[in-house]
Structures are given as C-alpha cells and as structure tokens.
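Understanding the architecture of this molecule
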Amino acid sequence: MLRRSLFSWFVPCTALLVAVGCASQATTVVAPEEVAAAESPTFENPGGMWMPTQMAAHGETLRALGIAYDPAALSNPAAFPLGAIVSLGFCSGSFVSPDGLIVTNHHCAVPVALQYNSTAERNLLKDGYLATDRSEELWAGPRQQIFVTTAVEEVTEQVQEGTEELTDAGERFAKIEENIKSLEERCNAEDEDVRCSIRSFFEGAEFYQAKAMAIRDVRLVYAPHEGVGVYGGEIDNWRWPRHTGDFTFLRAYVGPDGKPADYSEDNVPFSPAHHLKVATKPLREGDLVMVAGYPGRTNRLATADLAEFMTDSYYPYAIERYQQRISVLEKLAAEDPELAIKVNRRLRGWNNGLTNNRGMLDGLSKGGLVKVKAEDQEQLRAWIAADAGRTEKYGAVLDDLATLDAPRFASATTRYAESEILGGSTLLSRAFAILRGAEKREPAKGKKGKKKGKKKAQGEKGEGAKDKAMRTSLTASQRTFAPRADAALFGLALKRAAALPADQQPDVLGVVLGDGPRDDAAIDALVEEMYAASDLGDVDAVLKLRRSLDRRDVEKLQSGAKSKTLRDPFLTLASALLEARKAANVRDETYRAARSALTPVYVEALRAYKGATLAPDANSTLRVTYGTVRGYRPTPQAAVYTPFTKLSEVVAKHTGEAPFVVPEPVLEAAKRGEYGAYIDEEIGEVPVDFLADLDITGGNSGSACINAAGEIVGLAFDGNYEAMASDWIFMPEITRSIQVDFRYVMWLMDAVDGAEHLLREMGVEPSVAEPAAAATAATATAAQ
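The paragraphs below set out a description of the structure included in this document. (Residues numbered from 1 in each chain as written. Predicted model: local features only at pLDDT ≥ 70, side-chain atom pairs only at ≥ 80, totals over all residues. Heavy atoms only, no water.)

With that out of the way, let us pick up the packing of helix 15 (residues 426-439) against helix 22 (residues 551-559). For any two helices packed against each other, one specifies the crossing angle of their axes together with the interaxial distance. Put simply, helix 15 and helix 22 touch, their axes get as near as 7 Å, and they point 125° apart. Taken together, the axis directions place helix 15 and helix 22 in an arrangement best described as oblique. The segment helix 15 lies against helix 22, with L435, A438 and E439 engaging R551, V554 and L557. Considered class by class, the residues forming the contact of helix 15 with helix 22 number 4 nonpolar, no polar and 2 charged. (Axes fitted to C-alpha atoms, helices over the stretch in contact; angles between N-to-C directions. Helix = DSSP H or I, 4+ residues; strand = E, 2+ residues; numbered from the N terminus. Parallel < 35°, antiparallel > 145°, perpendicular 65-115°, else oblique. Contact = heavy atoms within 4.5 Å. Nonpolar A, V, L, I, M, F, W, Y, C, P; charged D, E, K, R; others polar.)

Structure (structure tokens):
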C-alpha cells in the first residue's frame, strides 16, 4: 500500500523529522547491476515525479510514445486531465463522473470513510458497502476532505524577500517562515473556499504555492468486501503477482450554491470542471500509461551520509517499533471486536509501514544502494574539486552538511525515545493542546467572568463556531480512541525508553516515572492509574478545560500548586513536560534552519553536475509520472513476470483462510464465466492487476492510471518489493508500480455487486447477461 499519513498534504514529513529533521513477496533483493531487464524496450524510463511546470520539456517524448492529446495540457493543473485529479490529504483520487463521483483505493477508504462508519454490529471494513442511490451515501466524517488543485505558481522571490542580507541561518529561516505564513494568509483571505499551501522544492532552492478547493462533505458510495479490497493481505503486500481489487468510490458534495460546505442533507453533488472517462481501447503490454497524483516523500536528492544513517539507525529502529506496536494491538484486538475496529486503521498502516521499512533496508543494504549513493557523491565531490570556480562556490557544502548532521545522527536513539513518549498518548496530546491554548489566554477579569466561561463550556448550547469545530473533531477522533489500546501503547513507549542504556534514556522519561522503579510491572501500574484517574477521554471534559483554563492555570500547574480543577494526571504530566517539549521544538528548528542554509547550495551543485533536468523530491504536491505497461525479471535466474494477472488466478489462490478468502458471489460469477465487455481477448478472461514502469511512492495510492487518450485504465495502489528503495534511487530495470485494472473493477460492479447505476454514471453500459443473484455483503449492507 502506498498510502501516506493522514493529511500529509499540509504537514511536513514525519519519519525523517524524527530521524534527522526532514533534510529533506518472497523474492530476493539484488543489486541493480545484477538484475536483467524483462526485455529490451524502446523506451527506457529514467523515472521522475514531475511537476506540472516541468511537463512541457517532455512533450517530444510523450508524442513518440503515442500520447493522443496535446502534452502541453499537462502543464496546467486546472486543465484536462490534471483537473480531474484530487488529493484526499493522504491518498490520491480522481473524478470519474460529472456528479462528483471519485474513485480511489480501498485502503484509502479504510482509515476514514470505512472506519468512521463501522461498528461491531455493522462492520463495513469487513463487509464493504454499496449505496443503491444517493440517499444512502454515507458521510465519511469531518476528517475526510477532498482537495482540488486549481493553480500552482512559483513564489520563490516572495518567500526569500528580505533574506539577502541575513547571514545568520536562524534569522534567515525565521524570515522565510514568516514570509510563507504571510503569503498563505493573504491568499487564504482572498477566498474562504480555497486552501493555499506553499511548499519547498529542491531542498529550499525553490518555492511554489498551490491553490486548492477544499471540499468538506465527502461520502462513501461503494467499497467492495475485504475479500476483494484486501485480498492477499500482508502476505501479498508489495509483491507480484498480485490479485487485489483495491478500489473504492466516494462522492464530493457542496452546498446548494455550489460552494464547499459542512455536511448537510441539503448539500448537492459537486460538478467538477473535468472528469476522466473509462478507456474504450483494451490496455496492452508496451502501451503508454501515466499516473497523476500526490506522492508523499522521496529522498533522491539526499546525501549519501543520510542514506547510510537511515540504513544503520532509523530503519532498524522503525522496524522494531512497528513489530512491538503491532504485537500489542493484535493481542488487544483479538479480545475485543469493538476495539479491533477502532485500531484497524493503525494496524493496517503499521503492517504496511513494517513491510515498507524492511524493503527500504534490504534495498539500501543488501541491494547495495547505499554504496551507489556513496559513489555518486564522491563523483560529485571530484567534479566540484576539478574546477576553481566550482570549488569556491560549492567546495565546503558536503563537509558542512556532514559536520551539521554528525551530532544529530549520534543523538538519534535518545530523540526517538523522546518522540515516542511525547507523542505516545492521545490523552497526553489532548493535555498539551489544552495547555497551549491556555498559555495564550489571559485571565478573565474577576471571578464572575471566569465562572461564566466555564459554564458555557459544559455543553453544546451556546458554543461558538470554533468550539463547535473542536467538538466535531474530538467526537470524530473518539471513533478511533480505545483507552485500553492507548494506555498499552503509552506504556510500551515508556518501557522501550526504560530499556535503553542509562546514557541514552531521554530526560522526559524521568519526568514521567520520577524516582520510582522502571520495570515493566511498575510502568503498567502507573499508566493504568493515570488512565483511570483522567477525564480527558471525555469530549465534554476536554472542551470545558480548553475553554476555561488560562495562563495563570498553567503557572499553577507548573508550580505544583494543588487545585481541584487541575488535578487530572495528564494535565499535571503535560505541564511538567511543557518546557522539555518546547526545548525539543527549538532544538529541531535550529537544526532545520542550519540545514536550510546548506541544502539549496548542495542541490544547485547536484543539478549542475547532472547536467539534466531533475525532478524535485516528492512533497505531497501534484506530480505526473509516465511510462509503459511492462513486466520485469526479479533476478537473473528467474522467469520474467508478465504484466497482467487474471481472474482465474484469484480463484486459484482462494484457500478459505484469511487473507485468501474470495467472497462466494465472486467465486460464483467467475465460475459462470460471464465476463461481458470486460474480457481481454488476448488474456481470454478478465484482467485483475497490471504492472508498469511508473515512478510512484506513498501518497500515490488511488492515483488514476490513464492511457494515451487520458482515459482511466486503472488505479495505482502498490509497488514491488525488489524496488522498494526506489524512493532513494530509481531503478528502471526493476522499479514497477502495481495497478488494479479498471476492467476488473467494472466486472465486479456489474457481475457481482449490482452497482450498474454507478457504471452508467461513468458512461459504461452494463454488459454481463445475468448478474449474480446474490450480491456480496457490500450490497446487502446498504439495506441494513
């Protein structure tokens, strides 16, 4: 799965922030030079997640590959086909009808739309869902939004204004942050329905501002049974051959005036300026395909030192952390069906992250990519040294970066543990949020005013817009908040820190545990006591504190003064950790500031050395990648993987035991052999998934894969394990994206689930003679 963290479009990367501060299957992993290409294609894809502003330079290549429309259109995010592409904030998707119908991946619907609408009695995560008409479409909750990019413009000059004379890295960084904030606020003030976001490209050398319509009412329309959408589970994740039907349909709604609005029964389907049509020509090996979406984060421009650090330190740490967290949640989920639904999102995400990090580690170490990065960096160093002018301009930058990074790398283990503790509890996070707000609030004049404020916070009546928004957000978060799971994970973070050598344990551990024992039993007892005594699991209690506390209350907490209203154990702990948390933020910002002064120089040297157009690293902004439908050979001794899987293989893989349980209606429909118009004449049946040499990463999940005519042929949802480390180096011989074939999607809609009304909405006439008499649980669920 390629899903990114929730709402990553508007937040910085997280893994590298903890590691260094955002400088930025069952097959054997082999070094690139040992891998034979599947065949000798006429087009050798160099890779690249290209900005729309870069696409004009690719016109000649795209014409040679057979593009059927003017490739200049790809330079305009508001034109066809990019105008049909959307961001879900953590995944990608696309409009496929004039009435706001959106198609994305099933695993992109799991963390919000499906989880939000699931209970132990009505588990849509397992059974799926089909709305037989629009009145049955389910609100995906306040955390799900759709972002439609309308414009992208370069703002480098405006962002860097006033920094020319600044020599102090901290002052320069602060000025840039100030300029970005000002530009975004000014842009957002122009139109309340537009979200403006400025991002750094080429490690701070360039800045671009994206404008996007933010649609707040998003509804679940159709998701297949987990036996389709999650078929193969973690066993097949990141592997080929693949047989997963990873798709889901949502719909965007707006107010009657056509503008974005909060959820309301009076809202109407959004009418996008562009939508993708379904392909009319069968997809073949060698065909041009393209993916447009919002890839999250790559490290192609990173230094070799960072690649080595991630290999030696971060990935091994992350793998162990994932394993332990998964073990804790799986044990609790097995005991409590309701809790299992609440933690489903995290379990799936962490299992995916575990496989991803293992693949990254294997590719960088066993696959030899760290060595490749090091050799490339030494060649860059030699190129700089070979010319006096280059030496004067770039000569010190690699050494300066290494000097800056060294202490950061050395302290990584302590910072990992610190981060786990500070961010390891929902109740602690809520306490921090309460105190942050209180610090900004001056005491009310007189006791009467303060009491009045507290009374107003006791319920929904009389709440202002800001309080109502907070209530909505907190209420939604309760759908995934399980106190037992939250306590167990917080306890795990403390135990992991306590198990470190004394000189590597973070100071915050001592703040939490005090002078008491640090064995597992003592930590469990402390955590259990804190959760039992806290009221922060209750929405009303949190809102009351957020509204009533002020700066004076924070001072009381930090002084240790006793108070009946300030006795919550997590408020007390948060107040004790407040300064440590601020110090960590200052430390991290100081590092990022120092690095931001060096990385533009480094990337400038790298671009000059390469002498060719480079794509900037992915940063959750709109990108385009293109290539061809193509198989690969995983090892020199292995047979070539053909680029298509088919329906009969889905059936053959069925064992009746998870994760290989095909829903009975799918088996019945396959047995009847009625494929309708969805059959591929060359394959002789319905194609399921296909490979392409497209350059994608996390965040591309749900991206439409379009053909030469700009028609949808599939949805990107995964990559191959052998090339997992392509986030660091693109390897054309083996880097492959995995897409669900849209013909399989349509066959399931037509022959199995009774979603003919959605096919017709997309302009497709159902073609299966006799649809399944009994649809899957997805259809049945809608009637419950």
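Here we take up empty space enclosed by the protein. The volume enclosed by the largest cavity comes to roughly 100 Å³. Considering the residues around the largest cavity, the lining is formed by 13 residues, among which V152, F201, A210, T621 and L622 are closest to the centre. Secondary structure elements with two or more residues in the lining of the largest cavity: strand 6 (146-154) and strand 8 (206-215). Element by element, the count of residues in the lining of the largest cavity is highest for strand 8, at 3 residues. Taken together, the residues of the lining of the largest cavity break down into 9 nonpolar, 3 polar and 1 charged. (1 Å grid on protein atoms, 1.4 Å probe; cavity = no way out; pocket = protein on both sides within 12 Å on 5 of 7 lines; lining within 4 Å. Points joined across faces, edges and corners; volume = space filled by probe spheres on them.)

Before going further, it helps to spend a moment on the sheet that holds strand 17 (residues 712-719). Judged by pairing direction, the sheet is antiparallel, and its 7 strands sit side by side in the order 13-12-16-17-18-15-14 without closing on themselves. Looking at the sheet topology across the chains shown, the edges are occupied by strand 13 (623-628) and strand 14 (644-646). Here the strands of the sheet are splayed against their neighbours by 30° on average, with no regard to which way each runs. Sheet topology places strand 12 (residues 288-293) next to strand 16 (residues 704-706); 3 bridges connect them, and they run antiparallel. (Pairing = 2+ DSSP bridges.)

Attention now moves to a positive patch on the surface. Residues K181, R436, K440 and K466 make up a contiguous surface patch of positive charge. Note that R436 resides in helix 15. When its relative accessible area of 38% is taken as the criterion, R436 is described as partly exposed. (Patch = residues over 30% accessible without salt bridge, like charges linked within 9 Å, V, L, I, M, F, W, Y side chains within 5 Å. Areas by Shrake-Rupley, 256 points an atom, 1.4 Å probe, with all protein chains shown as cover. Salt bridge = Lys/Arg side-chain N within 4 Å of Asp/Glu carboxyl O. Lys, Arg positive; Asp, Glu negative; His and termini not counted. Charge placed at Lys NZ, Arg CZ, Asp CG, Glu CD. Buried < 20%, exposed > 50% of the residue type's maximum accessible area, 1.4 Å probe, protein only.)

Another aspect to go through is the nonpolar core. Judged by nonpolar contacts, the single largest core of 109 residues is most densely connected at Y222, F249, W728, Y744 and W747. Among the elements that make up this core, the one with the highest residue count is helix 9 (residues 304-335) (14 residues). Discounting chain neighbours no more than four positions away, the residues touching Y222 are Y129, L130, F247, T248, F249, L748, M749, D753, A755 and L758. Membership of the second largest hydrophobic core comes to 41 residues, among which are V508, L543, L566 and A574. (Core = buried A, V, L, I, M, F, W, Y, C linked by side-chain atoms within 4.5 Å.)

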